[in-house]
Amino acid sequence: MSSAIRMSPRTDLTKGPITQKLIGFALPIIAGNIIMQLYNVADSIIVGNFVGSDALAAVAVSFPIMMLFNALFMGLSMGANILISQYRGAGDHEATERAINTTFTLCLVIGFCVSMTGLVASRPLLHLLGTPDNILNDSAMYLMIVFIGTTGNVFFALGNGLLRGLGDARWPLYSLIISSVLNILLDLLFVIVFGWGVPGVAIATMLSHFVSGMILLSRFITGKYGFRLTLTGMRNVDKAIIKIIFRLGIPTSIQNGAMSLGMVIIQSLANNFGSNYIAAQGIIQRVDGFVMMPFMGLGMAVTTFVGQNIGAGDIERAKRGAHISLLIVSGLSLLMGVVMYNFGFYLMRAFTDNVPVLEMGYNGIRFIAFFYICMGINATAGGAIRGAGEANYPAVVAILGSLIRIPLAYFMAVLPLLHSVEEAVSAGLYATAELARAAGAGLEHYMGLFHAMGISMAFGGALIMIYFISGKWQNKGLVQRRAPK
């Protein structure tokens, strides 16, 4: 094996108390994820209070489209994260450096393509989704500006994933603190002082993403971890590593893309319920985002933990870490469910004072609170399975969950809405379906959208847990068995 890595005790997850290592590694990730969520929360609070609920809906309706386009390079970043964590555990310095340079080359190309495609496709996609006319222009402007800044987001996403693979969760946190403060200040400047509205929020987000990306990029350019990102290294792409990254990353990319496409379709169904529901859904996404942060952070931590220990050949330690993470996330999910069920309304009140929006959001969050444990299990068990190198099964489960949610949402929410509108017109209460919709006929069926979400989460959590318990993931896709020497 070429030039072994000298691992520092802080970033070495192959030794020491498992619970302490997991929590110590997860806490900066959780803090960073919470701060990242503040990007979106700051946008929503400022837009909702200083521009209006229509502008809030415009930002919310843009989110699934952004996630759809981001799916590919985010998946490849996950593939590189798994690969590098296992190289790190195996102590292979040369392969780790090649993987870092190759990953940046791949994802910069993909990031550029995503940016260009997003600029062209933003408005047609919004039209296709049936975005209400009153928020269409703001939604299109928001998307186009954010897509211009995709490159900065790529730098941050890749740097974050690579650093996690190396065992460092602190510098992503530092960069997010800086960029979050900058984002909030720019939001206030562009929206309140300059009066730029939704475009101002988009510009603030774009610039803050760029700053966070540059901070992490500098860590690799200066060789702070013993690995240096160079133009020469990026040009000398390693084909064997590309194959491994694609093998590990493409399933996650497909998963992210399918889930994002599912979100886009769900958004098109949700658009039938008008801008008030869209705004309520956007608020729930922001509030739920905070709940998901500990789950996602622990899932990312156990991915690196399992990856490093699998790379080091210690499968038993990897298994123990996965089991401990599941116990932790189960307790957290129960706590979060109780908190959101009882106090979620007060969090949503910070976003808007629109009574119909708050009522829809409050009813939705109380229902979803019962399914947080399914989210937690999916994040941690799925993270452990991916860390071992088995990326296919979690991807299949996520895609199936998205697929069943779409027909459930249609039959449990949209179809009853259409029937109510038709009955109102047939009864002579309104002259046309458009008038019936404008008057709110059938809107009481919006809870069907939340019911569909809960059922799909329970389905996914059950499938991932069945596979985890089977133990088949422990001996699949071990990177070092296929890695170039």
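The preceding data block contains the structure.
Residues numbered from 1 in each chain as written. Predicted model: local features only at pLDDT ≥ 70, side-chain atom pairs only at ≥ 80, totals over all residues. Heavy atoms only, no water.

Novice: Where do I start with empty space enclosed by the protein in this structure?
Specialist: It is the rolling of a water-molecule-sized probe over the atoms that shows where space remains empty. Tallying each qualifying case throughout the model produces three cavities of 30 Å³ or more. As a volume, the second largest cavity reaches approximately 80 Å³. Along its surface, the second largest cavity is lined by Pro28, Ile29, Gly32, Asn33, Asn160, Arg164, Ala169, Pro172, Leu173, Leu176 and Met300. A total of four residues in the lining of the second largest cavity trace back to one element, the largest contributor, which is helix H1 (residues 18–50). When its residues are assigned to classes, the lining of the second largest cavity shows seven nonpolar, three polar and one charged. (1 Å grid on protein atoms, 1.4 Å probe; cavity = no way out; pocket = protein on both sides within 12 Å on 5 of 7 lines; lining within 4 Å. Points joined across faces, edges and corners; volume = space filled by probe spheres on them. Helix = DSSP H or I, 4+ residues; strand = E, 2+ residues; numbered from the N terminus. Nonpolar A, V, L, I, M, F, W, Y, C, P; charged D, E, K, R; others polar.)

Novice: Even after reading the chapter, I still don't get the packing of aromatic side chains, so can you show me in this structure?
Specialist: Aromatic ring pairs: the centre-centre distance and the angle between the two ring planes describe each pair. This model, assessed by the stated rule, comprises 16 aromatic pairs. Residues Tyr341 and Phe370 carry aromatic rings whose centres are separated by 5.6 Å and whose planes lie at 70 degrees to one another, so their mutual orientation is edge-to-face. Taken together, the residues Tyr341 in helix H11 (residues 315–348) and Phe370 in the loop between helix H12 (355–368) and helix H13 (372–387) connect sequence positions 29 residues apart. Among the residues examined, Phe370 registers a relative accessible area of 57% and is labelled exposed. Centroid distance Tyr446 to Phe450: 6.4 Å. Interplanar angle 85 degrees. Geometry classified as edge-to-face. Tyr446 gets classed as buried once you look at its relative accessible area, which sits at 8%. The class of Phe450 is buried, set by a relative accessible area of 1%. Among the aromatic residues, those joined into a cluster by ring pairs are Phe273, Tyr277, Tyr446 and Phe450. For Arg366, the ring lying beneath its charged end belongs to Tyr341, and the centroid distance is 3.8 Å. (Phe/Tyr/Trp six-rings, centres within 6.5 Å; stacked < 30°, edge-to-face > 60°. Buried < 20%, exposed > 50% of the residue type's maximum accessible area, 1.4 Å probe, protein only. Lys NZ or Arg CZ within 6 Å of the ring centre and 35° of its normal.)

Novice: I tried to follow the environment of Leu327 on my own but got confused; where do I start?
Specialist: If you trace the backbone, Leu327 turns up in helix H11. Sequence separation of Leu327 and Ile377 is 50 residues, and the distance between their C-alpha atoms is 9.4 Å.

Novice: Just to check I follow, could you spell out the packing of helix H5 (residues 150–166) against helix H7 (residues 197–221) for this structure?
Specialist: Helices that pack against each other are described as a pair by the angle of their axes relative to one another and the distance between those axes. Two elements in contact, H5 and H7, have axes separated by 7 Å at closest approach and are oriented at 45 degrees. With respect to H7, the element H5 is oriented oblique. Taken as a pair, H5 and H7 cross one another with a handedness that is left-handed. When H5 is examined against H7, the residues Gly152, Asn153, Phe155, Phe156, Gly159, Asn160, Leu162, Leu163 and Leu166 are found in contact with a partner set consisting of His209, Phe210, Ser212, Gly213, Met214, Leu216, Leu217 and Phe220. Taken together, the residues of the contact of H5 with H7 break down into ten nonpolar, seven polar and no charged. (Axes fitted to C-alpha atoms, helices over the stretch in contact; angles between N-to-C directions. Parallel < 35°, antiparallel > 145°, perpendicular 65-115°, else oblique. Left-handed = near helix turned anticlockwise from the far one by under 90°. Contact = heavy atoms within 4.5 Å.)

Novice: Is there a simple way to think about the pattern of salt bridges in this case?
Specialist: Between side chains of opposite charge, a pair can form as their charged atoms come close. Applying the stated criterion to the full structure yields three salt bridges. A salt bridge links Asp238 to Arg98; the shortest N-O distance between them is 2.6 Å. With Asp238 in the loop between helix H8 (231–235) and helix H9 (239–270) and Arg98 in helix H3 (residues 93–128), the pair connects residues that are 140 residues apart, well separated along the chain. Given the relative accessible area of 15%, Asp238 is considered buried. By relative accessible area, Arg98 is classed as partly exposed at 21%. Measuring nitrogen to oxygen at the nearest pair gives 3.2 Å for the salt bridge that ties Lys319 to Glu316. (Salt bridge = Lys/Arg side-chain N within 4 Å of Asp/Glu carboxyl O.)

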